[in-house]
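Tertiary structure, described
In case you want the letters, here they are:
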Amino acid sequence: MKLADIRKDYTLRSLDSAEVPKDPIQLFHTWMQQALEAEVSEATAMCLSTIGSDGFPNARIVLLKGVDQGFVFFTNYQSAKGNELEKHPKAALTFFWPEIERQIRIVGEVSKISEEASDTYFLSRPYSSQLGAWASPQSQVIGSREELEQQQLRMEKQFLNQKMKRPSHWGGFQLIPNRLEFWQGRPSRLHDRIQYEYLSNGSWKITRLAP
Ligand SMILES: Cc1cc2nc3c(=O)[nH]c(=O)nc-3n(C[C@H](O)[C@H](O)[C@H](O)COP(=O)(O)O)c2cc1C
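Let me begin by describing the structure that accompanies this report. Model, not experiment: these values are computed from the prediction.

Our next topic: the nonpolar core. Counting residues in hydrophobic clusters, the biggest one holds 22 residues, and the most contacted among them are Ala 91, Leu 93, Ile 104, Ile 106, Phe 173, Leu 175 and Phe 182. Every element with two or more residues in this core is listed here: α1 (24-37), β1 (45-51), β4 (71-76), β5 (90-97), β6 (102-112), β7 (170-184) and β8 (192-198).

Here is the structure:
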């Protein structure tokens, strides 16, 4: 099968201007709920794009862990993405939900969440993931898999007689959006695209974009 011959027509749903709320976060919650109901695989997985130190974009998947003011995810603050966000606190998030033929794109400013909120989430994680956060120098070059497993064992021993706590190099970021786009696949490539842009008066400008 040639890759160029792979095609899919999108027919499942539509995005009418009449059903678009004033607040994009409300629409995000509705779409996330529908993704969960449709049992979309890894619905909370999103592509996080940052600005690399070499000026090139850098993208990888992280998991969305909450949405209130901003879109919250957790990571190692000393990882490539952590350093990049420290230097350029702007990023993009992209969700793709093939089962319901939808994409959401979000752009905004990124900041660290409070230490307390990071502590609370860290302590809610499975014990093995907590140890992993201590053991793994995320994005650093390591000699071998064994080195990592040895470090995990060392951490396991260390925390046998010590209360678990969050490493200070690990925690949450939140992205406060200033632009969002909701994409619904439609037949004949005439997809629906609704964009929200944040205005200085605190409201959202809503426009329809050509597919
Ligand atoms: C489905 C999935 C979920 C992931 N979730 C996270 C996450 O929530 N936080 C995280 O730091 N890395 C997560 N990763 C790993 C990242 O994609 C990436 O490999 C890692 O964070 C290092 O990225 P960096 O070197 O650009 O900082 C996930 C990967 C996949 C495939």
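Residues separated by three or four positions in an α-helix point in the same direction, a consequence of the helix having 3.6 residues per turn. Along its 14 residues, α1 runs 20 Å from first to last C-alpha, staying within 8% of the 20 Å computed at 1.5 Å per residue. Buried within α1 we find Pro 24, Leu 27, Phe 28 and Ala 35. For α1, the angular spread of buried residues about the axis comes to 105 degrees, placing them on one side. The exposed set on the far side of α1, more than 90 degrees from its buried face, consists of Gln 26, Gln 33, Leu 36 and Glu 37. Where α1 is buried, its residues touch β3 (66-67), β5, β6, β7, β8 and β9 (204-208). Following α1 by one or two positions, Glu 39 adopts a phi angle in the positive range, close to 55 degrees.

Take the pairing of β6 next. As defined by bridge partners, β5 adjoins β6 across eight bridges and the pair is classed as antiparallel. Looking at the pairing, Lys 90 lines up with Glu 109 of β6. The pairing of β6 with β7 spans eleven bridges and is antiparallel. Residue pairing in the sheet places Glu 109 in a bridge with Ile 176 of β7.

What follows is about the pairing of β7. In terms of residue burial, β7 counts as a mostly covered element, since eleven of its 15 residues are buried. Where β4 meets β7, six bridges bridge the pair, whose relative direction is antiparallel. Each residue of the ladder has a partner; that of Val 72, found in β7, is Gln 174.

Basis of the calculations
Residues numbered from 1 in each chain as written. Predicted model: local features only at pLDDT ≥ 70, side-chain atom pairs only at ≥ 80, totals over all residues. Core = buried A, V, L, I, M, F, W, Y, C linked by C-beta atoms within 7 Å. Buried ≥ 20, exposed ≤ 12 C-beta atoms within 10 Å, placed from the backbone. Helix = DSSP H or I, 4+ residues; strand = E, 2+ residues; numbered from the N terminus. Expected span 1.5 Å × (residues − 1). Arc of directions from axis to C-beta. Contact = placed C-beta atoms within 7 Å. Pairing = 2+ DSSP bridges.

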